[in-house]
Amino acid sequence: CPGVETVCVDLGDWSATEAALSNMGPVDLLVNNAGVALLQPFLDVTQEAFDRSFDVNVRAAVLVSQIVARQMMKRGVGGAIVNVSSQASQVALQDHAVYCSTKGALDTLTKVMALELGPKKIRVNCVNPTVVMTDMGRANWSDAQKAAPMLNRIPLGRFAEVDEVVHSILFLLSDKSAMITGSCLPVDGGFLVT
(Lines give C-alpha, C1' and ligand atoms only; values in the text may rest on other atoms or scores of the structure.)
Protein backbone atom coordinates (compact mmCIF):
# COMPACT_ATOMS: atom_id res chain seq x y z
CA CYS A 1 0.00 0.00 0.00
CA PRO A 2 1.49 3.34 -0.98
CA GLY A 3 2.21 5.59 1.98
CA VAL A 4 2.16 2.77 4.52
CA GLU A 5 5.27 2.50 6.65
CA THR A 6 5.90 -0.75 8.49
CA VAL A 7 7.39 -0.60 11.99
CA CYS A 8 8.57 -3.88 13.50
CA VAL A 9 8.84 -3.92 17.29
CA ASP A 10 8.24 -6.25 20.23
CA LEU A 11 5.08 -4.64 21.63
CA GLY A 12 5.73 -6.39 24.93
CA ASP A 13 8.78 -4.14 25.38
CA TRP A 14 7.54 -0.70 26.58
CA SER A 15 10.71 1.31 25.85
CA ALA A 16 11.35 -0.31 22.47
CA THR A 17 7.75 0.39 21.45
CA GLU A 18 7.94 3.98 22.63
CA ALA A 19 11.19 4.53 20.72
CA ALA A 20 9.90 2.85 17.54
CA LEU A 21 6.71 4.91 17.45
CA SER A 22 8.13 8.25 18.56
CA ASN A 23 8.74 9.54 15.02
CA MET A 24 5.88 7.97 13.08
CA GLY A 25 3.69 10.03 10.81
CA PRO A 26 0.14 11.13 11.62
CA VAL A 27 -2.33 8.38 12.54
CA ASP A 28 -6.10 8.93 12.37
CA LEU A 29 -7.24 5.32 12.80
CA LEU A 30 -5.68 2.71 15.08
CA VAL A 31 -6.38 -1.00 15.48
CA ASN A 32 -4.74 -2.68 18.46
CA ASN A 33 -4.63 -6.25 17.20
CA ALA A 34 -1.46 -7.72 18.70
CA GLY A 35 -2.14 -10.70 20.89
CA VAL A 36 -0.76 -13.90 22.30
CA ALA A 37 -2.60 -16.93 23.64
CA LEU A 38 -0.37 -18.86 26.03
CA LEU A 39 -2.83 -21.46 27.23
CA GLN A 40 -2.30 -23.17 30.58
CA PRO A 41 -4.62 -24.67 33.20
CA PHE A 42 -5.19 -22.23 36.07
CA LEU A 43 -3.09 -24.23 38.55
CA ASP A 44 -0.19 -24.35 36.08
CA VAL A 45 -0.09 -20.64 35.10
CA THR A 46 3.50 -19.44 35.06
CA GLN A 47 4.77 -15.96 35.75
CA GLU A 48 6.32 -15.87 32.28
CA ALA A 49 3.01 -16.67 30.54
CA PHE A 50 1.13 -14.22 32.76
CA ASP A 51 3.59 -11.36 32.21
CA ARG A 52 3.98 -11.93 28.46
CA SER A 53 0.21 -12.14 27.97
CA PHE A 54 -0.54 -8.92 29.84
CA ASP A 55 2.45 -7.15 28.24
CA VAL A 56 1.25 -7.90 24.69
CA ASN A 57 -2.54 -8.16 25.07
CA VAL A 58 -3.11 -5.17 27.38
CA ARG A 59 -0.07 -3.05 28.11
CA ALA A 60 0.84 -2.65 24.43
CA ALA A 61 -2.68 -1.36 23.70
CA VAL A 62 -2.28 1.20 26.49
CA LEU A 63 1.07 2.48 25.24
CA VAL A 64 0.33 2.53 21.51
CA SER A 65 -3.04 4.19 22.15
CA GLN A 66 -1.42 6.82 24.39
CA ILE A 67 1.12 7.68 21.70
CA VAL A 68 -1.51 7.87 18.93
CA ALA A 69 -4.11 9.73 21.03
CA ARG A 70 -1.57 12.33 22.17
CA GLN A 71 -0.60 12.86 18.53
CA MET A 72 -4.26 13.24 17.50
CA MET A 73 -4.83 15.76 20.29
CA LYS A 74 -1.68 17.71 19.38
CA ARG A 75 -2.88 17.90 15.77
CA GLY A 76 -6.35 18.93 16.94
CA VAL A 77 -8.11 16.14 15.08
CA GLY A 78 -10.37 13.37 16.21
CA GLY A 79 -9.96 9.76 15.33
CA ALA A 80 -10.97 6.22 16.08
CA ILE A 81 -9.34 3.35 17.93
CA VAL A 82 -10.51 -0.26 17.83
CA ASN A 83 -9.14 -2.83 20.25
CA VAL A 84 -9.38 -6.47 19.23
CA SER A 85 -10.66 -8.37 22.25
CA SER A 86 -12.43 -11.73 22.31
CA GLN A 87 -15.58 -13.52 23.36
CA ALA A 88 -13.19 -14.94 26.00
CA SER A 89 -13.48 -11.61 27.82
CA GLN A 90 -17.02 -12.54 28.83
CA VAL A 91 -16.96 -16.30 29.34
CA ALA A 92 -14.68 -18.80 31.06
CA LEU A 93 -12.83 -21.18 28.76
CA GLN A 94 -10.83 -24.21 29.90
CA ASP A 95 -7.06 -23.50 30.13
CA HIS A 96 -7.65 -19.82 29.26
CA ALA A 97 -7.34 -18.21 32.72
CA VAL A 98 -4.74 -15.66 31.68
CA TYR A 99 -6.07 -15.12 28.15
CA CYS A 100 -9.63 -14.52 29.39
CA SER A 101 -8.27 -12.13 32.02
CA THR A 102 -6.31 -10.08 29.48
CA LYS A 103 -9.32 -9.77 27.20
CA GLY A 104 -11.57 -8.76 30.11
CA ALA A 105 -9.02 -6.10 30.98
CA LEU A 106 -9.01 -4.92 27.34
CA ASP A 107 -12.80 -4.55 27.33
CA THR A 108 -12.72 -2.41 30.46
CA LEU A 109 -9.74 -0.43 29.16
CA THR A 110 -11.78 0.30 26.01
CA LYS A 111 -14.61 1.77 28.09
CA VAL A 112 -12.25 3.96 30.15
CA MET A 113 -10.47 5.15 27.00
CA ALA A 114 -13.83 6.00 25.41
CA LEU A 115 -14.83 7.98 28.50
CA GLU A 116 -11.60 9.94 28.72
CA LEU A 117 -10.86 10.41 25.01
CA GLY A 118 -14.42 11.13 23.86
CA PRO A 119 -14.22 14.83 24.78
CA LYS A 120 -11.14 14.97 22.50
CA LYS A 121 -13.27 13.58 19.60
CA ILE A 122 -11.51 10.22 19.73
CA ARG A 123 -13.85 7.22 19.62
CA VAL A 124 -12.74 3.92 21.15
CA ASN A 125 -14.48 0.57 20.66
CA CYS A 126 -13.58 -3.08 20.61
CA VAL A 127 -14.60 -6.17 18.71
CA ASN A 128 -15.03 -9.48 20.49
CA PRO A 129 -14.67 -12.30 17.98
CA THR A 130 -15.08 -15.99 18.55
CA VAL A 131 -12.23 -18.18 17.36
CA VAL A 132 -10.96 -16.67 14.10
CA MET A 133 -9.28 -18.80 11.48
CA THR A 134 -5.90 -17.07 11.70
CA ASP A 135 -2.66 -19.01 12.14
CA MET A 136 -3.06 -18.68 15.93
CA GLY A 137 -6.71 -19.79 15.74
CA ARG A 138 -5.82 -22.85 13.68
CA ALA A 139 -2.94 -23.73 16.03
CA ASN A 140 -5.10 -23.57 19.14
CA TRP A 141 -8.35 -25.02 17.73
CA SER A 142 -7.30 -27.55 15.07
CA ASP A 143 -8.05 -30.52 17.34
CA ALA A 144 -11.61 -31.56 16.39
CA GLN A 145 -12.24 -32.94 19.87
CA LYS A 146 -11.28 -29.62 21.46
CA ALA A 147 -13.18 -27.55 18.86
CA ALA A 148 -16.46 -29.52 19.00
CA PRO A 149 -17.75 -28.15 22.34
CA MET A 150 -16.99 -24.59 21.21
CA LEU A 151 -18.63 -25.07 17.80
CA ASN A 152 -21.67 -26.63 19.48
CA ARG A 153 -22.20 -23.36 21.40
CA ILE A 154 -22.12 -21.19 18.26
CA PRO A 155 -25.62 -20.99 16.74
CA LEU A 156 -24.13 -20.29 13.29
CA GLY A 157 -22.09 -23.50 13.68
CA ARG A 158 -18.67 -22.28 12.60
CA PHE A 159 -15.69 -20.18 13.61
CA ALA A 160 -15.17 -16.69 12.17
CA GLU A 161 -13.20 -15.90 9.05
CA VAL A 162 -10.68 -13.05 9.10
CA ASP A 163 -12.73 -10.89 6.70
CA GLU A 164 -15.75 -11.03 8.99
CA VAL A 165 -13.75 -9.48 11.81
CA VAL A 166 -12.07 -7.00 9.46
CA HIS A 167 -15.43 -5.71 8.18
CA SER A 168 -16.61 -5.15 11.77
CA ILE A 169 -13.43 -3.22 12.54
CA LEU A 170 -13.79 -1.13 9.38
CA PHE A 171 -17.34 -0.23 10.41
CA LEU A 172 -16.17 0.92 13.86
CA LEU A 173 -13.35 2.97 12.31
CA SER A 174 -15.67 4.60 9.77
CA ASP A 175 -17.93 7.63 9.99
CA LYS A 176 -20.88 5.21 9.72
CA SER A 177 -20.33 4.54 13.44
CA ALA A 178 -19.82 8.20 14.38
CA MET A 179 -22.07 7.91 17.46
CA ILE A 180 -20.61 4.64 18.73
CA THR A 181 -17.92 4.69 21.41
CA GLY A 182 -17.18 2.51 24.41
CA SER A 183 -18.89 -0.49 22.81
CA CYS A 184 -17.77 -4.08 22.62
CA LEU A 185 -19.14 -5.69 19.45
CA PRO A 186 -19.47 -9.49 19.51
CA VAL A 187 -18.43 -11.11 16.24
CA ASP A 188 -19.13 -14.57 17.55
CA GLY A 189 -21.87 -16.24 15.54
CA GLY A 190 -24.11 -16.00 18.60
CA PHE A 191 -21.77 -17.75 21.07
CA LEU A 192 -22.56 -15.30 23.87
CA VAL A 193 -26.34 -15.73 23.57
CA THR A 194 -26.24 -19.45 24.39
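Residues numbered from 1 in each chain as written. Predicted model: local features only at pLDDT ≥ 70, side-chain atom pairs only at ≥ 80, totals over all residues. Heavy atoms only, no water.

In the annotation of an unreviewed UniProt entry, the entry for the protein chain reads Dicarbonyl/L-xylulose reductase, and the organism field reads Eleutherodactylus coqui. Its UniProt record gives the protein chain a comment under Sequence similarities (unreviewed entry), which states: "Belongs to the short-chain dehydrogenases/reductases (SDR) family." You can read under Subunit (unreviewed entry) in the UniProt record for the protein chain the words "Homotetramer." (UniProt positions renumbered as here; feature names shortened; annotations may be inferred.)

**Regarding the pattern of salt bridges**
The tally for this structure, following the rule as stated, stands at four salt bridges. With its nearest N and O atoms 3.6 Å apart, the salt bridge here joins arginine 59 to aspartate 55. Of this pair, arginine 59 and aspartate 55 both sit in helix H2 (residues 47-75), four residues apart, which is roughly one turn of the helix. Here arginine 59 falls in the partly exposed class, since its relative accessible area comes to 30%. Its relative accessible area of 21% is what places aspartate 55 among the partly exposed residues. Arginine 158 serves as the salt-bridge partner of glutamate 164, at 2.6 Å between the closest nitrogen and oxygen. The class for arginine 158 is partly exposed, based on a relative accessible area of 40%. (Salt bridge = Lys/Arg side-chain N within 4 Å of Asp/Glu carboxyl O. Helix = DSSP H or I, 4+ residues; strand = E, 2+ residues; numbered from the N terminus. Buried < 20%, exposed > 50% of the residue type's maximum accessible area, 1.4 Å probe, protein only.)

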